[in-house]
Amino acid sequence: MLLPEARRLAPRFAARAGASDRDGTFPADDFAELRAAGFFGLLVPARLGGSGAGFGEYAEIAYELARGNGATALIFNMHASVTGALGGITDELAEALGLPAEALAARDGFLRAAAEGSWYAVAMSERGAGSRLSRMATTYEPVDGGYRISGAKTFCSGAGHADGYLVAARSTDDPGRVSQFLVPAGDGLKVEPTWDALGMRATGSHDLHVDVTVPATALLGGLEGLALVAAQLAPHWMVASYAAVYVGVARAAVDAAIEHVNNRGLGGLPAVRARIGRADAAVSAAHLTVREAARRVDEAPGEAETNRWVWRAKLLAGTTAAEVAASMLEAAGTSAMRRGHPLERLYRDARAGSLQPATSDVCADWLGVEALGGDPDTDGVAPRW
Ligand SMILES: Cc1cc2nc3c(=O)[nH]c(=O)nc-3n(C[C@H](O)[C@H](O)[C@H](O)COP(=O)(O)OP(=O)(O)OC[C@H]3O[C@@H](n4cnc5c(N)ncnc54)[C@H](O)[C@@H]3O)c2cc1C
C-alpha cells in the first residue's frame, strides 16, 4: 500500500517545488524517491512484481503527490497511464482483440521493467494536432525486423529523463491506421528544450524529435491501428487520470491560502473566510467526483455511466483547480503574488488543468451531447481523438 508513502513524500516534494518551478527543471530528487519507494510498479500486476493497484488507488495517490508538487504528480501520471493501460489488458480482452502471444510477452516485459524501476513518458501530442490521434503527422513504416518511426512530438513531460516513450504514429501504408509504440530512450530520440511555460514548468514538457527504428515487439498490442480503440476502451487513462492531480493542486492552494491568512491575521475578514469556505467545498466536491469516477472505473469499466463520471471528473477537476487557485490568491492578497510564494506557483500550475485534453470545453461538449441524447464519441464538431 503506497498511499501512506505518498503522504510522507508530499511535504518533501513541496519543499523542493519552488526551485524546480523557478528553473523549469525536472524534479529529479522527487523521481529518485518515487523509484526507491516502488511507485513505478504501482499499476503493474503483482504477478509481474508490481503493486497491482487499480484506478481508484492510483487516483488517491496522485492526489496526495500533487499536494506536494503538481508537476511531479503530472509526470508520474504519464507513466501511470502507460502502465495502467498495459496492465489493464485482461486475457479476455486480449483474446477478443486477437492480440498475438509475442505482443503479450512484450507487454509483460515493459511492465516488469517498470516494477524494477523504469518509467515511461508519453509522446503523443504534436504541434498543430494537439493530442488528436486521428491527426498525427508522425509516421511509421515496416522495415526488416520492425518499424521505422519519424516525426516531431511536443509537450512531452519528463522528456530526456524517461527510460521509454509511448509514441503515437500513423502508418505510411494506410494513413487511417494509428498505432502506439514503446520506444526505449537513446539514439533516435532528440529532445529540443522548448518548454518555458506559464505553469507546470517543472514538467519539462519539451519537444521530442523521433527518427528511430524499433523491433516489432515495440508495437503495443502487436496489431496496427489500435490507438483509437485503446482511447475508447480505456477513456479514463486518456481523459480523467489527470483529474486527481488537479484536485490535489487545488487542495494545496487552499492549504497555502489558509497558512498565509493565518500568518497575516486575515482570518477575521468575512470575505476572506467565505472565499476559503467556498474553496473548501468546491475542492471537496471535485474530489468526491473523481473518487466516484475511479470507483466505477474499477467496478464497471467502459459502462456508459462510468464514462459519464470519467468526463465529469475531468471537467470539474480542471475548472475547480483554476477557479479555486484564483480565488485563494485574491483572498491572500498581493504579497502572495510574489515569485517564490507557494500560491503564485499553484495559481499558475492550476491554470493548466482545463487545458489538458480532454479540455474543459471538450468535456462539457461531450457531456452536453450525451445529455441531449446524441452519441458523444462521434457527434462532436471535430473527432474527439
Ligand atoms: C502541463 C502539460 C503537460 C503535458 N504533458 C504531455 C505529455 O506528457 N505528453 C503529451 O503527449 N502531451 C502532453 N501535454 C499536451 C496536451 O496534453 C495536449 O496535447 C495539448 O495541450 C494540445 O494542445 P493544443 O495547443 O493543440 O490545444 P488543443 O487541446 O488542441 O486545444 C485548442 C482548442 O481546441 C479545442 N479542442 C481541442 N480538441 C477539440 C475537439 N475534439 N472538439 C472541439 N474542440 C476541441 C480546445 O478546447 C481548445 O479550445 C501536456 C500539456 C500540458 C498543459
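What you see is a predicted model, and the numbers here were worked out from it, not measured in a lab.

Visitor: Help me out: how do you make sense of the domain arrangement of the protein in this one?
Guide: Interface size is often expressed as the accessible area that is lost when the parts come together. Looking at the assigned domains, one finds that the protein contains domain 1 (3–119), domain 2 (121–223) and domain 3 (234–371). Computed from C-alpha coordinates alone, the two centres of domain 2 and domain 3 are separated by 29 Å. Taken residue by residue, the interface counts seven residues in domain 2 and eight residues in domain 3. Carbon and sulfur atoms supply 73% of the area buried between domain 2 and domain 3, which totals about 570 Å² over both sides. Taken as a group, S131, L198 and M200 account for 73% of the area that domain 2 buries against domain 3, more than any other trio of residues on that side. Our count for the domain 2 to domain 3 interface comes out at zero salt bridges. Where domain 2 touches domain 3, the interface holds two residue pairs in polar contact (both at pLDDT 80 or more).

Visitor: What is the right way to read the pairing of strand β2 (residues 139–143) from this model?
Guide: Note that β2 and strand β3 (residues 146–156) share five bridges and pair antiparallel. What sits directly across from E141, in β3, is R148. In textbook terms, the turn of a hairpin is the stretch between consecutive antiparallel strands, and for β2 and β3 this stretch comprises two residues, one of which, G145, has a positive phi near 80 degrees. Sheet analysis places β2 next to strand β4 (residues 164–171), joined by two bridges and oriented parallel. Bridge assignment links T139 to a residue of β4, and that residue is R170.

Visitor: How should I be thinking about the UniProt feature "domain: Acyl-CoA dehydrogenase/oxidase N-terminal" (unreviewed entry) in the protein in this particular structure?
Guide: Taking the UniProt record as the reference, the feature "domain: Acyl-CoA dehydrogenase/oxidase N-terminal" (unreviewed entry) is found at residues 5–84. What you have in residues 5–84 is 72% helix and 0% strand, and the ends, taken at the C-alpha atoms, are 20 Å apart.

Visitor: Help me out: how do you make sense of the site of the ligand in this one?
Guide: Around the ligand lies a shell of 23 residues, among which V122, S125, F155, P357 and T359 are the nearest. Taking S131, its main chain carries an N or O atom lying 3.3 Å from an oxygen atom of the ligand. T359 places a polar side-chain atom, nitrogen or oxygen, 2.7 Å from an oxygen atom of the ligand. Of all elements in the fold, only α4 (70–87), β3 and α13 (360–371) reach the threshold of two or more residues within the shell around the ligand. Of the domains in this structure, domain 2 (121–223) and domain 3 (234–371) are the two that each give at least three residues to the shell around the ligand.

Visitor: Honestly, the packing of aromatic side chains in this entry has me stumped. Any pointers?
Guide: Aromatic ring pairs are described here by two measures, namely the spacing of the ring centres and the angle between the planes. The full count for this structure, using the stated rule, is 14 aromatic pairs. Both rings, one in F39 and one in F76, keep their centres 6.2 Å apart while their planes meet at 85 degrees; by these two values the pair is edge-to-face. Of this pair, F39 sits in the loop between α2 (28–37) and α3 (55–68) while F76 sits in helix α4, and the two are 37 residues apart along the sequence. For the residue pair F39 and F76, the accessibility class agrees, reading buried in each case. Pairing Y140 with F181 gives two aromatic rings, centres 4.9 Å apart and planes at 65 degrees, and the pair type is edge-to-face.

Visitor: Sorry if this is basic, but what is going on with empty space enclosed by the protein here?
Guide: A probe matching the size of a water molecule, rolled over the atoms, marks out where space remains unfilled. Tallied over the full model, the rule gives one cavity of 30 Å³ or more. Along the walls of the largest cavity sit L86, A103, A106, R107, F110, T217, L219, L220 and G221, which together make up its complete lining. Across the lining of the largest cavity, the residue classes break down as six nonpolar, two polar and one charged. Viewed by domain, the lining of the largest cavity spans two of them, domain 1 (3–119) and domain 2 (121–223), each represented by three or more residues.

What counts, and where the lines are drawn
- Along each chain, residues carry numbers from 1 onward, in the same order as the chain's sequence is written.
- Only residues with pLDDT of at least 70 are given local features in this predicted model, and only at 80 or more are side-chain atom pairs given and counted; all residues enter the totals for whole chains, interfaces and linings.
- Values shown for side chains rest on all heavy atoms present in the structure; no hydrogens or waters enter the calculation.
- Each domain's extent was defined by an automatic or database domain assignment.
- Throughout, a residue-residue contact means that at least one pair of heavy atoms, one from each residue, lies within 4.5 Å.
- Buried surface area refers to the total accessible area, computed with a probe of radius 1.4 Å, that the two partners give up upon joining, counted for both partners together.
- By salt bridge we mean one thing: a side-chain nitrogen of Lys or Arg within 4 Å of a carboxyl oxygen of Asp or Glu.
- Polar contacts, as counted here, are pairs of nitrogen or oxygen atoms within 3.5 Å of one another; within protein the pair requires one atom able to donate a hydrogen and one able to accept it, and residues that are adjacent in sequence qualify only if both atoms are side-chain atoms.
- By definition, two strands form a pair when at least two bridges between them are found by DSSP.
- Strands here mean DSSP runs of E at least two residues long; helices mean DSSP runs of H or I at least four residues long; both are numbered from the N terminus.
- UniProt positions are given in the numbering used here, feature names are shortened, and annotations may be inferred rather than shown by experiment.
- We call a residue near a molecule or strand whenever a single non-hydrogen atom of that residue lies within 4 Å of it.
- Pairs were defined over the aromatic rings of Phe, Tyr and Trp, the Trp ring being its six-membered one, requiring ring centres within 6.5 Å. Orientation was assigned from the angle between planes: stacked under 30 degrees, edge-to-face over 60, tilted for the rest.
- Relative accessibility under 20% of the residue-type maximum defines a buried residue, over 50% an exposed one, and the middle range a partly exposed one, all with a 1.4 Å probe and only protein chains included.
- Using only the protein atoms, space was sampled on a 1 Å grid; points where a 1.4 Å probe fits but cannot get out form cavities, open sets with protein on both sides within 12 Å along at least five of seven lines form pockets, and lining residues are those with an atom within 4 Å of a point.
- Grid points are joined across faces, edges and corners, and a volume is the space filled by probe spheres set on the points.
- Under this grouping Gly is polar, as are all residues other than the nonpolar Ala, Val, Leu, Ile, Met, Phe, Trp, Tyr, Cys and Pro and the charged Asp, Glu, Lys and Arg.

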